[in-house]
Amino acid sequence: MSFVLLIFLPLLAALFVPLLFKKVGKIHTGWFVLIIPVVLFSYYVSLLPTTIHGGNLVSEFQWIPSLDIAFIAYIDGLSLLFTLLITGIGALVVLYSIFYLDKHREQLHNFYVYLLMFMTAMLGIVQSDHLITLYLFWELTSISSFLLIGYWYTRDRSRFGALKSMMITVFGGLMMLGGFVLLSIMGGTYSIRELIPQATELVSHDFFIWALVLVLFGAFTKSAQFPFYIWLPDAMEAPTPVSAYLHSATMVKAGLYLVARLTPIFAISGTWMWLVASVGLFTMFWGSFFALKQKDLKGILAFSTVSQLGLIMSLLGASAAGYHIDNIAETTFKYAGFAAIFHLINHAVFKGSLFMIAGIVDHETGTRDIRKLGGLMSLMPISFTVAVIGAFSMAGLPPFGGFLSKEMFLTAMLSLTEFDLFSMDVWGILFPVVAWLGSVFTFIYSFYFVFHTFAGEHKPDQLPKPAHEAPIGMLISPVFLALLVVVIFFIPNLIGDWLVKPAVLAMQPFLYDSPEEIKIHVSAWHGFNPEFFMTLGIFAIGFLMFWTLRKWQKSYDLFPEAISLNALYDNMVFLSDTGANRFSRIYMTGFIRSYLVYMFSFVIFIVLGTLFLTDAFAIDFTNLAPVGFYEIVILIALVGSTFTILFSKSRLTGIIALGAVGYSIALLFVIFRAPDLALTQLVIETISVALFLLAFYHLPQISRKEERMRFRFGNALVAIGVGVTVTLVALSSLSQKAMPSISEFYKETVYKEAGGGNIVNVILVDYRGFDTLFEIAVLAITGIGIITMIKLRLTKKEDQHENK
Amino acid sequence: MEIIMSVAIGFLFMAAVYLMLSKSLIRIIIGTGLLSHGAHLLLLTMGGLGGNSPPVVAHGVSVSDYADPLPQALILTAIVISFAVTSFFLVLAYRSYQELGTDNMNLLRGTEDYE
């Protein structure tokens, strides 16, 4: 089965969504949509046995063969893991959305079309082996994310957030495209599979470092790393199912996927390791620190997502150390890659459930402001339980999945202190310290999220709606995810063997031959080692600081808003907007004269430049036709009438002089042996003059006005420039023939081939028949235009701008 | 002859451009008319003004004696098109004068409203 086509299944299904929404309004459209991720998930699960043992599958579909661009679906441990996350969480989110979005009030068809479009895009990213199609799907996720954030498009904040996320992620995407192009120049192929074996040669290439930095721009913007994370908190304006799906479980992990996927190519470089690990770790600290400033439930989760993505990113960076170590299986460096993938799974599970809980609280109480919430424990017991499980997993408490990966994260960070390349022996000690600090704040905000919402004093008077437990359908998905959180804690090695190790193999293909060679056994208890004491410290300090949170939380407000990254973004957008506007104002004057001056100046510049560059000034005096008396007389008349136009005060005189010019030209045609032209010119000129006079008859005020044109030096200069240019072109075209004229062919064949005697006419209707056809079409269009202008009377409407 | 023609064509173009840069709509239209006249003559001259008989097959005329038919065919098309454009412009001027009450291009700039 060519499973590459399955990527497009959601997109195909999206075509039917509007129809279903309009025709089958009684059933919530989500039920139909739900089929897609469920079917896909079951199919992809059936591929698991292949990847568990390190196998892979390839399926191709040609797109633009002439440019060597094809959709190539490449399934190995890493892409299958992401595929399962996308379809699995996708199914749960769609199920949740059925109860979250009201089928009567909401524009469900828009929502599900965007969501399915996103699903295709995301599957495309993780399965594409071809860098160009990967980029294509990458931008498609940005676009669908833009549409989903702006789903409630009447809200200002939604539009602002949508635009912000689009600007930042598309900027990163473009940088990444540059990196991809450099990679293909270096390696001679766009295929990731073919690039990986060349890794050792690529690293010494001049472009290598550029490609590395550009690709990381893409990954960091998408995965909301510092300083690009600012779009993610504003993306929380999207409906909560979208936040749970795109902005925590899948899309923001595309950057992590890219880093993991390209690790074999870049990891040899010390720059890669430093950039990925330190940016990731700093983001982890920064996000967790500022999560406590947030008052909005989803805001806390957004910063927590930023922080957790940073954590995984730093692990991916640390895993690069494995490339510089002999016999990695015997050292602690092996843990970083495993921990990254393992935590990625855990995070998708617990953060998905937490977002859904935030959505439920919002849905059932009418607010997400944590200052108004509190004491919901007894009113919403199931939601509370789910929230506790998710948050404790996030904080790294046993017996939940997050505890295991958090421990392994600490192990990996500690191992970096033993690494002796790239001056890690000096700076390496910073990694466990920052990781520990970040974990403390993670612990605090996890508790803050749960207990300030569900514990404490209930304030019913501050809630827009009386709080109650959510309907059962809405609870299915979060409860299921919460169960998974617990299950993972008890069967970590099953998850490890089935999902994590095959993915690690894809990240470190040079180090292992098969997933079985990765000797890692996850266990909850691992003795009294440094990690254990660090964890104890996190719990103790974290709990103390949470207890005193109300005393020190206000100090966040001391941080001035004016020098924040958000202010920087706002200023940049504002400046580029008004700056571009001002710049355009300088030359877009609104006078047609200015525009014509630009155009004519450019004509002069380009034509004279070409003449000069190609050295075409030569004038050939042979083969000239003799100068005749009549021609000279007519030319004098022509020039005389032109002068009359220029200097006449009355416009009527000008029009009559224009007619004189036309008739002189008709006479010239007669002399130069062009009888057809002369006839046509006479007829057309007569009609034109009549038309001019007719127009004047209807515009009495204008026709009576007498005024002399004022002399303008600038205009005259441009006019003389154009005149001289044309004369030069005429002269040099006379003397230089690049190729023999086709006229000889016409002259010789006109009677034999076309059976006509009048060569001009035969050319028009036979050799160049289509030209004439289009000419008639132009006439017809003009006719329609004229009739429309005369007959149509539009009523003037008031401007209807939404934003005014 | 071709050289004299070239200079005359340059003059036509110059006058046309100068008229098109003025602020009166009618003068701009006259300018475009002159411009197309100049272009027609330019085409004719570029092909060479030689040839002793019109490009119509006749007995006793050798192939090299015909005037060049290709520029003539092109000009024929161009005359018709330029007529179409001129008439369109004229009606446009007529209508815009009716609606807006002026043919002064300086008063017709519409950028003030777009803030």
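In this text, all values refer to a predicted model and were calculated from it rather than measured experimentally.

Each value, and the rule that gives it
- Here the residue numbering is sequential within each chain, running from 1 through the sequence in written order.
- The lettering of chains begins at A and the numbering of ligands begins at 1, in the order of writing.
- Local features in this predicted model are restricted to residues of pLDDT 70 or higher, and side-chain atom pairs are both shown and tallied only at a pLDDT of 80 or more, whereas totals for entire chains, interfaces and linings draw on every residue.
- A helix here means a DSSP run of H or I that spans at least four residues, while a strand means a run of E at least two residues long, and both kinds are numbered starting from the N terminus.
- We compute the radius of gyration from the C-alpha atoms alone; for a globule the expected value is 2.2 Å times N to the 0.38, where N is the number of residues.
- In this scheme every C-beta is placed from the backbone, and a residue whose C-beta has 20 or more other C-beta atoms within 10 Å is buried, one with 12 or fewer is exposed, and one in between is partly exposed.
- C-beta atoms are first placed from the backbone for all residues, and any pair lying within 7 Å is then listed as a contact.
- Throughout this entry, Asp, Glu, Lys and Arg are counted as charged residues, while Ala, Val, Leu, Ile, Met, Phe, Trp, Tyr, Cys and Pro are counted as nonpolar. The remaining residues, Gly among them, count as polar.
- Note on pairing: two strands pair once DSSP finds at least 2 bridges between them.
- A set of buried Ala, Val, Leu, Ile, Met, Phe, Trp, Tyr and Cys residues, joined to one another through C-beta atoms within 7 Å, is what we call a nonpolar core.
- To get an axis, fit a line to the C-alpha atoms, keeping to the stretch in contact for a helix; angles then go from 0 to 180 degrees between the N-to-C directions.
- For any pair of crossing helices, the crossing counts as left-handed if the nearer helix is rotated counterclockwise from the farther one by less than a right angle, and right-handed if it is rotated clockwise.
- UniProt positions are given in the numbering used here, feature names are shortened, and annotations may be inferred rather than shown by experiment.
- pLDDT expresses how confident the predictor is about each individual residue, on a scale running from 0 to 100.
- Expected helix span is computed as 1.5 Å times (number of residues minus one).
- Angle categories: roughly parallel below 35 degrees, roughly antiparallel above 145, roughly perpendicular from 65 to 115, and oblique for all the rest.

Draft legend 1. Looking closely at the overall build of chain B. Scanning chain B from terminus to terminus reveals three helices and zero strands. Relative to the compact-globule value of 13 Å for 115 residues, chain B shows a C-alpha radius of gyration of 20 Å, a clear excess of over 25%. Once the C-alpha set of chain B is aligned to its principal axes, its extents read approximately 70 × 25 × 25 Å. Residue burial in chain B is summarised as follows: out of 115 residues, 54% are buried. Of all intrachain contacts in chain B linking residues separated by at least 6 positions in sequence, the fraction that spans at least 24 positions is 56%.

Draft legend 2. Examining the overall build of chain A more closely. A tally of helices and strands in chain A yields 35 helices and two strands. The C-alpha radius of gyration computed for chain A amounts to 36 Å, which surpasses the reference 28 Å derived for 804 residues by more than 25%, pointing to a less compact arrangement than a globule. Dimensions of chain A along its principal axes, counting C-alpha atoms only, are 115 × 65 × 55 Å. When each of the 804 residues of chain A is scored for burial, the buried share is 47%. A fraction of 78% describes how many contacts in chain A between residues 6 or more apart in sequence connect residues 24 or more apart.

Draft legend 3. Summary view of the interface of chain B and chain A. Facing the 72 residues of chain B at the interface are 83 residues of chain A. Looking at the side of chain B that touches chain A, the elements that each hand over two or more residues are α1 (2-20), α2 (25-46) and α3 (69-100) of chain B. In terms of residue count, the dominant contributor to the side of chain B that touches chain A is α3(B) (22 residues). Partitioning the side of chain B that touches chain A into residue classes produces 48 nonpolar, 18 polar and six charged.

Draft legend 4. How the structure looks around the pairing of strand β1 (residues 57-64) of chain A. Residue and element names in this part refer to chain A. Bridge count between β1 and strand β2 (residues 69-75): seven bridges; the pairing is antiparallel. Across the sheet, residue Ile64 finds its bridge partner in β2, namely Ile69. Between β1 and the antiparallel strand that follows it, β2, lie four residues; Asp68 among them carries a positive phi value of about 65°.

Draft legend 5. Layout of the nonpolar core. Membership of the largest hydrophobic core comes to 214 residues, with the highest contact counts inside it found for Leu116(A), Leu148(A), Leu315(A), Ala339(A) and Ile341(A). No other element matches the 19 residues that helix α17 (residues 335-365) of chain A contributes to this core. Not counting chain neighbours up to four residues away, the residues in contact with Ala339(A) comprise Leu315(A), Ser405(A), Met408(A), Phe409(A) and Ala412(A). Residues Phe600(A), Ala657(A), Leu764(A) and Tyr66(B) belong to the second largest nonpolar core, which totals 70 residues.

Draft legend 6. Geometry of the packing of helix α27 (residues 592-613) of chain A against helix α32 (residues 713-735) of chain A. Residues and elements named next belong to chain A. In the contact formed by α27 and α32, the axes pass within 10 Å of each other and the chain directions differ by 35°. Between α27 and α32 lies a crossing of left-handed hand. Mapping the contact onto sequence places Val597, Phe600, Ser601, Val603, Ile604, Val607, Leu608 and Leu611 in α27 and Val718, Gly721, Val722, Thr725, Leu728, Val729 and Ser732 in α32.

Draft legend 7. Fine view of the UniProt feature "transmembrane region" (unreviewed entry) in chain B. If you check UniProt for "transmembrane region" (unreviewed entry), the listed places come out as residues 6-21, 28-50 and 70-94 of chain B in our numbering. The distance from the first to the last C-alpha atom of residues 28-50 of chain B is 34 Å, and the span holds 83% helix and 0% strand.

Draft legend 8. Quick look at the confidence of the model for chain A. Considering every residue of chain A, the mean pLDDT works out to 87; 97% of them sit at 70 or more. Note on residues 800-804 of chain A: pLDDT is under 50 here. Beyond four places in sequence and across chains, it has zero contacts.

Draft legend 9. Quick peek at the environment of Tyr229(A). Residues and elements named next belong to chain A. Looking at the element boundaries, Tyr229 is found in the loop between α11 (208-222) and α12 (231-234). On a C-alpha basis, the gap between Tyr229 and Ser307 in space is 9.6 Å, while along the polypeptide they are 78 residues apart. Setting aside residues up to four positions removed in sequence, Tyr229 forms contacts with Ala224, Thr283, Gly287 and Val306.

Draft legend 10. Local environment of α11(A). All names here are of chain A. Its 15 residues place the ends of α11 22 Å apart at the C-alpha level, agreeing with the 21 Å of an ideal helix rising 1.5 Å per residue. Looking only at α11, the buried set comprises Phe208, Ala211, Leu212, Leu214, Val215, Leu216, Gly218, Ala219, Phe220, Thr221 and Lys222. Taken from the residues just after α11, Ala224 is the one with a positive phi, measuring 55°.

Draft legend 11. Spotlight on the packing of helix α16 (residues 297-319) of chain A against helix α21 (residues 430-454) of chain A. Residue and element names in this part refer to chain A. One way to put it is that α16 packs onto α21 with a least axis distance of 11 Å and a crossing angle of 160°. With respect to α21, the element α16 is oriented roughly antiparallel. Seen from above, α16 lies across α21 with left-handed handedness. Seen from α16, the contacting residues are Leu297, Ile300, Ser304 and Ser307; seen from α21, they are Gly438, Thr442, Tyr445, Tyr448, Phe449 and Thr453. Grouping the constituent residues of the contact of α16 with α21 by class yields five nonpolar, five polar and no charged.

Draft legend 12. Structural view of the environment of Tyr767(A). Residues and elements named next belong to chain A. Relative to the helices and strands, Tyr767 is located in helix α34 (residues 759-767). Separated by 283 residues in sequence, Tyr767 and Leu484 place their C-alpha atoms 76 Å apart. For Tyr767, the residues in contact, after removing those within four places along its chain, are Tyr746 and Val762.

Draft legend 13. Structural view of helix α35 (residues 769-791) of chain A. In this model α35(A) runs 33 Å from its N-terminal to its C-terminal C-alpha over 23 residues, within 8% of the 33 Å that 1.5 Å per residue would give. Little of α35(A) sits out of view: just zero of its 23 residues are buried.

Draft legend 14. View of the confidence of the model for chain B. Residues and elements named next belong to chain B. Confidence along chain B averages 84 in pLDDT terms, with 94% of residues attaining 70 or more. Here α3 stands out as the least confident element of chain B, with mean pLDDT 88; α1 is the most confident, with 91. Listed scores for the predicted complex are pTM 0.75 and ipTM 0.92.

Draft legend 15. A look at unusual backbone geometry. Residues and elements named next belong to chain A. The peptide bond linking Phe226 to Pro227 adopts the cis configuration, its omega dihedral lying at 0°. With an omega of 0°, the peptide bond between Pro398 and Pro399 qualifies as cis. Within the secondary structure, Pro399 is located in the loop between α18 (381-395) and α19 (401-415). Phi at Ala224 takes a positive value of approximately 55°, unusual for a residue other than glycine.

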